[in-house]
Amino acid sequence: MKLEFALELRMRLGERIHIPVAEGQVRGAVLVEGGTFHGKGLQGIVVRGSGGDFPLVRHDDGARFESQYLLKTDDGQYILKRSTGVRHAAPGVLARLLAGEEVDPHAYYMRMTPRFEAPSGKYDWLNRTLFVGVGRRGTHGSIFRFWKVV
Amino acid sequence: MAQDNLMPVPALVPAFVLSLEAAERIHVGTLSTGGIREHVACRGGRIQGERLKGNVLAGHGGETWLRRADGVTVVDLHLIIRTDDGHTLRLTGTGYSTEDLHFVGTRLSLLFEVDQGGPYEWLARTAFLAERKSGTEVFVIAEIA
C-alpha cells in the first residue's frame, strides 16, 4: 500500500455547538459555512449548510470524530463525503484546541479515512477508493488533505 | 501543495499481520434494500506484530460483504482478539473489495476498541489500514502515522 496525494479541502466553519452527552464527554457539532476543494481532476466548493464535523471529545483523552457534508464540483456534480477519524493530543494541547486556540498541527494526531458517494461517471473512482486524511484545526476553519491508497 | 509544512504528511508504517481462518460463506441474498449480502464468520486466526500478539477468537466475528448495484463490494470486518498477555480487544474495519486494474483484493480502514488505562490504549488512539490480496487469507496492517 502506498499513499498518493488526492485533494485538499479548506472549510469555513460556523458556531461550535457542544452537547454534553455524559460526565466529561461532549459531542461537538460544527456546521459547514462553506469552503473549497482542489485536487487532480477534481475541484469545487463545500456546500454551505450540508453538514459538518461531529467530534466526540473526552476531557481526559483524545476523540473519535465523524463528519458528513456535500461537495459540489465545478461541473455541477454533488458528492457526499463522510468520514471517521481519530484525534489524540496531550492534555495541554487538547485544552488549547478546545479553547479554540491556533495549535501547531504537528503537535497532535488527527487522521481520518474519508469515504465518498459520487455519481456514476468520471468521479465514480471515489466510490471504490480508500483514502487517508490529515486535518489542521484553525480558529475559523479547518484544512484537510486526503491521500488515496494505491 | 502536499509537500509544505502546513500540516503533517501521513505515512504507512508496517504494524501487524492478521491471518484469518474463514468459515463457509453464507449467501444472505439479494436484499430488498439493495445489493447482494454475504457473510463469512471467523473460525479463528492470529494477529502478530512487534507491539501486539494475540489470537482471533473463533465464532465471535467475521466479515460481511455487500455487493452494491454499482458493482463495488463493501466489506465490514469485526473481530475479537485475546492478546497473549490476556487482554481483550475489539477490531472493526470497513472498506472495499475491488477487481481494479491496479489492485485485486480487499482494503479496509481499521479501528481498535481497548480497555481504558490498559497497555493497548495506543491502539485506540491510532488509525490503521489493512490490505488483503485476492486469494490469500492474510491482511497486512499498517499504522497511519
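The coordinates are above.
Predicted model only: the values in this text are computed from it and were never measured.

**Considering the interface of chain B and chain A**
It is common to report an interface's size as the accessible area lost on association of the parts.
Working step 1: Taken together, the contact pairs 36 residues of chain B with 35 residues of chain A.
Working step 2: Between chain B and chain A lies a buried interface of about 3200 Å² when both sides are counted; carbon and sulfur atoms form 66% of it.
Working step 3: Applying the counting criterion to the chain B and chain A interface returns 1 salt bridge.
Working step 4: Put simply, chain B and chain A have 12 residue pairs in polar contact (both at pLDDT 80 or more) between them.
Working step 5: When residues of the side of chain B that touches chain A are traced back to their parent elements, those giving at least two are strand 6 (88–99), strand 7 (104–113), strand 8 (128–133) and strand 9 (138–144) of chain B.

**Observations regarding the pairing of strand 5 (residues 63–73) of chain A**
Residue and element names in this part refer to chain A.
Working step 1: The alternating pattern of strand 5 places A63, F65, S67, Y69, L71 and T73 on a buried face and R64, E66, Q68, L70 and K72 on a face that is not buried.
Working step 2: Where strand 3 (residues 42–46) and strand 5 come together, 3 bridges link them in antiparallel fashion. Looking at the pairing, G44 lines up with T73 of strand 5.
Working step 3: Of the pairings in the sheet, the one linking strand 4 (residues 52–58) to strand 5 comprises 6 bridges and is antiparallel in character. Among the inter-strand pairings, P55 is bridged to a residue of strand 5, identified as F65.
Working step 4: Judged from the 10 bridges that link them, strand 5 and strand 6 (residues 78–88) form a sheet pairing that is antiparallel. The partner of L70 across the bridge, within strand 6, is L80.
Working step 5: Between strand 5 and strand 6, which follow one another and run antiparallel, lie 4 residues, and G76 among them has a positive phi close to 85°.

**Remarks on the pairing of strand 1 (residues 3–22) of chain A**
Residue and element names in this part refer to chain A.
Working step 1: The sheet contact formed by strand 1 and strand 9 (residues 141–149) spans 9 bridges and is antiparallel. The partner of L9 across the bridge, within strand 9, is F144.
Working step 2: Across 13 bridges, strand 1 lies against strand 2 (residues 25–39) in antiparallel orientation. Counterpart to I19 in the pairing with strand 2 is R27.

**Considering the packing of aromatic side chains**
Working step 1: Enumeration over the complete set of coordinates arrives at 10 aromatic pairs over all chains.
Working step 2: Centroid distance W122 of chain B to F128 of chain B: 6.3 Å. Interplanar angle 65°. Geometry classified as edge-to-face.
Working step 3: Overall, F128 of chain B belongs to the buried group, its relative accessible area being 0%.
Working step 4: The cationic tip of K148 of chain A hangs over the ring face of W125 of chain A; the distance from NZ or CZ to the ring centre is 4.9 Å.
Working step 5: For R25 of chain B, the ring lying beneath its charged end belongs to W65 of chain B, and the centroid distance is 4.7 Å.

Reading the values: the criteria
- Residues numbered from 1 in each chain as written.
- Chains lettered and ligands numbered in written order.
- Predicted model: local features only at pLDDT ≥ 70, side-chain atom pairs only at ≥ 80, totals over all residues.
- Heavy atoms only, no water.
- Contact = heavy atoms within 4.5 Å.
- Buried area = accessible area lost by both parts, 1.4 Å probe.
- Salt bridge = Lys/Arg side-chain N within 4 Å of Asp/Glu carboxyl O.
- Polar contact = N/O pair within 3.5 Å; in protein donor to acceptor, adjacent residues only side chain to side chain.
- Helix = DSSP H or I, 4+ residues; strand = E, 2+ residues; numbered from the N terminus.
- Buried < 20%, exposed > 50% of the residue type's maximum accessible area, 1.4 Å probe, protein only.
- Pairing = 2+ DSSP bridges.
- Phe/Tyr/Trp six-rings, centres within 6.5 Å; stacked < 30°, edge-to-face > 60°.
- Lys NZ or Arg CZ within 6 Å of the ring centre and 35° of its normal.

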